[in-house]
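# Observations on the three-dimensional arrangement
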Amino acid sequence: MSSGSNLRSEDQFLCSICLDVFTDPVSTPCGHNFCKACITQYWEVNVPYKCPMCNEEFTSRPQLRVNTFIREMVAQFRHEAQQEASSSSSAAKPEVPCDVCTGTKLKALKSCLVCLVSYCQTHLEPHLTTPGLKKHQLMEPVENLEDRMCLQHDKPLELFCRTDQTCVCSLCPVLDHKNHEFVPLREESEVKKVELKETEAEFQKMIQSRRVKIQEIKESVKISKDAADREKAEGVQVFTALKEAAERGLEELIKEIQDKQKTAEKQAEDFIKDLEQEISELMKRSSEVKQLSQSEDHLHLLQSFSSLKAAPPTKNWTEIRVDPPSYEGTVVRAAAQLVEKLMKKLLEADLKRVQQYAVDVTLDPETAHPWLILSDDGKQVKLGDVGKNLPDNPERFSQCVHVLGQQSFSSGRFYFEVQVKGKTDWTLGVARESVDRKGGIGLSPQNGFLTFWLRNGNEYEANAEPPVRLHLQPGPEKVGVFVDYEEGLVSFYDVDAAALIYSFTGCCFTEKLYPCFSPCLNDGGENSAPVIICPVNQANFNS
């Protein structure tokens, strides 16, 4: 549009997805407007449902109806735009002066292809009344009439030679273009108009594809910015723990992230600038092609066809994209000199967090295998030399030397610690209430056990499916066991090292869970030390 007001109006009626004037405009609950087809397609591939403009999330997909008020305004805008375009087109048509007028030249009404002169109303009169002049060929006024004459035969260019792809006069087929294919200029002009329309359509496709590429690049920048924001937040969380020393590292981290983001944005801006330049050139060429395709000046159309048919030089944007910069390892590199202390404090914080859920666990003698000896306070268990004569009640383990805690848990979180110092074999963990207590069972989650053990003094294993060998050096002397019932999580910690050893995740608990212990066989006295349930002491760590 030529006027500033119309430019502002056009901006108001552009869909932010397709970047074109609204078609069937609809409004989202947050008040933003889009083409109905655009927002529908956007939500088909983007869940949860968000507004592309403000990112407001909707709990369910909004029911969209066409905004009739905006649709009427868009229709009025299109109508005014078409009128202005038509007016501009008419005004832009060059005015041909009369060749006969002296002094002030009047506007020519017709041009004569015989006389090669353009005439105003007054000077055209003889061609309309004189019998000899009536036979002359008149046309809409044009400049440079000599260009419409055959240079060899001095006759009007009336035919098109398809063999040589050039305009010729009536004598050319006889004298210079024998056995060539000829058609009237009008007929060939109509053929070329069809080709020009196809060319215009192709230019429009190229324009649209570049608009889509701009949207893709903007989306890539947004993803990049979101990633940068997340990384900065993580950096703040990590370096806050190290206070002043870490703050200096945090400033360097944020600067590095911002530099990467600025680089990505600069690259995106350069791509967008190039795309917008190509769009501008394509729109200019498209306009010229469209105007030429509507021209009734057949000779001008044919003479300009070749130069306008070809697309202006453009890049192949198919493989060009702005990939969000990778921030992986940025925090680690920035905190390299502090990482050991940082990790220790983080692990201490994690262990302190789970220690908040400490419970008082005591051993249940009704579940203990007959060969097991329990301390009077119910906190220690070891293997005896002979089996006791105990009732074979349903709760008691008969084959495996196990004992359960008296306390059961069917919700929430709980934590307890067990000393295994001086032992070469042991098993710790939790068991479901329904575990088989009479057979030689396998210690697997499928059988209701979530346990961690030591065998032969140095072989640590999480009894998962399949089992997971753990390389621990040195091994733990005190093991913490943490359970989050609702999360389906069972974790084991090396208490002294404040380190997470292994976690069972994604479990589905539907029945009571009991702490589970086994001191295992004595191994000729090498493994005679007891398994001891310890009180939880959070004061072991430096603040």
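Relevant structure appears above.
Quantities reported herein were computed from a predicted structural model and do not represent experimental measurements.

## So, the state of the cysteines
Think of a disulfide as a covalent bridge from one cysteine sulfur atom to another cysteine sulfur atom. Following the criterion strictly, the structure yields zero disulfides and no others. The structure places no disulfide on C507, whose sulfur is separated from the nearest cysteine sulfur, that of C508, by 8.9 Å. By relative accessible area, which is 18% here, C507 ends up buried.

## Comments concerning the pairing of strand β22 (residues 513-518)
Counted residue by residue, β22 has six buried out of six residues, so it is predominantly covered. Here β22 shows no split at all, with L513, P515 and F517 on one side and Y514, C516 and S518 on the other all buried. Direction of pairing for strand β13 (residues 403-404) relative to β22: antiparallel, over a ladder of two bridges. Bridge pairing links V403 to F517 in β22. Strand direction decides the pairing type here: strand β15 (residues 426-432) and β22, joined by six bridges, are antiparallel. Residue R432 lies in a different strand from β22, and its bridge partner there is L513.

## Quick notes on the sheet that holds β13
Taken together, the six strands give an open sheet; going across it, the order is β13-β22-β15-β16-β17-β18, and neighbouring strands pair in antiparallel fashion. Pairing within the sheet leaves two strands with one partner each, and these edge strands are β13 and β18 (468-470). As paired elements, β15 and strand β16 (residues 449-455) share six bridges and run antiparallel to each other. By the bridge assignment, T427 is partnered in β16 with W453.

## What about the nonpolar core?
Counting 38 residues, the largest nonpolar core has W426, F504 and F517 as its most contacted members. Those residues in contact with W426, other than ones at most four positions away along the chain, are V420, F452, W453, L454, R455, Y460, V479, S518, P519, C520 and V531. The next biggest cluster of nonpolar side chains, apart from the first, holds 32 residues, and it includes L157, V168, I214 and L302.

## Notes on helix α9 (residues 298-309)
Owing to its 3.6 residues per turn, the α-helix aligns residues three or four sequence positions apart on the same side. Relative to the 16 Å expected for 12 residues at 1.5 Å per residue, α9 spans 15 Å between its end C-alpha atoms, a close match to the ideal helical length. For α9, the set of buried residues is H298, L299, L301, L302, S304, F305 and L308.

## Structural notes on a nonpolar patch on the surface
A grouping of L171, V174 and L175 is seen on the molecular surface, where their side chains present a nonpolar patch of about 250 Å² in accessible area. If you trace the backbone, L175 turns up in helix α6 (residues 172-175).

## What to know about helix α2 (residues 36-45)
Residues C38, I39 and W43 constitute the buried set of α2. Buried residues in α2, looked at end-on, bunch into an arc of 125°, giving them a common side. Residues of α2 that are exposed and point more than 90 degrees away from the buried face comprise A37, Q41, E44 and V45.

## Notes on the packing of aromatic side chains
The description of an aromatic ring pair uses the distance of the two centres, along with the angle that the planes make with each other. Within this structure, the stated rule accounts for 14 aromatic pairs. For the ring pair Y485 and F509, a centre distance of 5.4 Å and an interplane angle of 45° mean the geometry is tilted. Here the residue Y485 occupies a position in the loop between β19 (478-484) and β20 (489-494), and F509 occupies one in the loop between β21 (499-504) and β22, the gap between them amounting to 24 residues. Grouping residues by exposure puts Y485 and F509 together as buried. Seen in terms of ring centroids, Y502 and F504 are 5.1 Å apart; in terms of plane orientation they differ by 80°. Their pairing is edge-to-face. A single burial state applies to Y502 and to F504, both of which are buried.

## Description of the side chain of D425
Along the chain, the position of D425 falls in the loop between β14 (413-419) and β15. At 4.3 Å, R455 is the nearest oppositely charged side chain to D425, a buried residue that forms no salt bridge. At 3.0 Å, the side chain of D425 forms a polar contact with the side chain of T424.

## Some details on the sheet that holds strand β5 (residues 110-112)
If you trace the three strands from one edge of the open sheet to the other, you get β6-β5-β7, paired in antiparallel fashion. What marks the edges here is a single partner per strand, and that holds for β6 (117-119) and β7 (138-139). Note: β5 against β6, three bridges, orientation antiparallel. Considered in β6, the bridge of K110 is made with Y119. Against the sheet, helix α4 (residues 121-129) engages β5, β6 and β7, with an angle of about 110° to β6.

## Looking at the environment of C161
With respect to the helices and strands, the residue C161 is situated in strand β8 (residues 159-161). Distance from C161 to E181, taken between C-alpha atoms, is 5.8 Å for residues 20 residues apart in sequence. Dropping the residues within four chain positions of it, C161 is found in contact with T166, V168, H177, H180, E181 and F182.

Conventions and cut-offs
Residues numbered from 1 in each chain as written. Predicted model: local features only at pLDDT ≥ 70, side-chain atom pairs only at ≥ 80, totals over all residues. Heavy atoms only, no water. Disulfide = S-S within 2.5 Å. Buried < 20%, exposed > 50% of the residue type's maximum accessible area, 1.4 Å probe, protein only. Helix = DSSP H or I, 4+ residues; strand = E, 2+ residues; numbered from the N terminus. Pairing = 2+ DSSP bridges. Core = buried A, V, L, I, M, F, W, Y, C linked by side-chain atoms within 4.5 Å. Contact = heavy atoms within 4.5 Å. Expected span 1.5 Å × (residues − 1). Patch = residues over 30% accessible without salt bridge, like charges linked within 9 Å, V, L, I, M, F, W, Y side chains within 5 Å. Areas by Shrake-Rupley, 256 points an atom, 1.4 Å probe, with all protein chains shown as cover. Salt bridge = Lys/Arg side-chain N within 4 Å of Asp/Glu carboxyl O. Arc of directions from axis to C-beta. Phe/Tyr/Trp six-rings, centres within 6.5 Å; stacked < 30°, edge-to-face > 60°. Lys, Arg positive; Asp, Glu negative; His and termini not counted. Polar contact = N/O pair within 3.5 Å; in protein donor to acceptor, adjacent residues only side chain to side chain. Axes fitted to C-alpha atoms, helices over the stretch in contact; angles between N-to-C directions.

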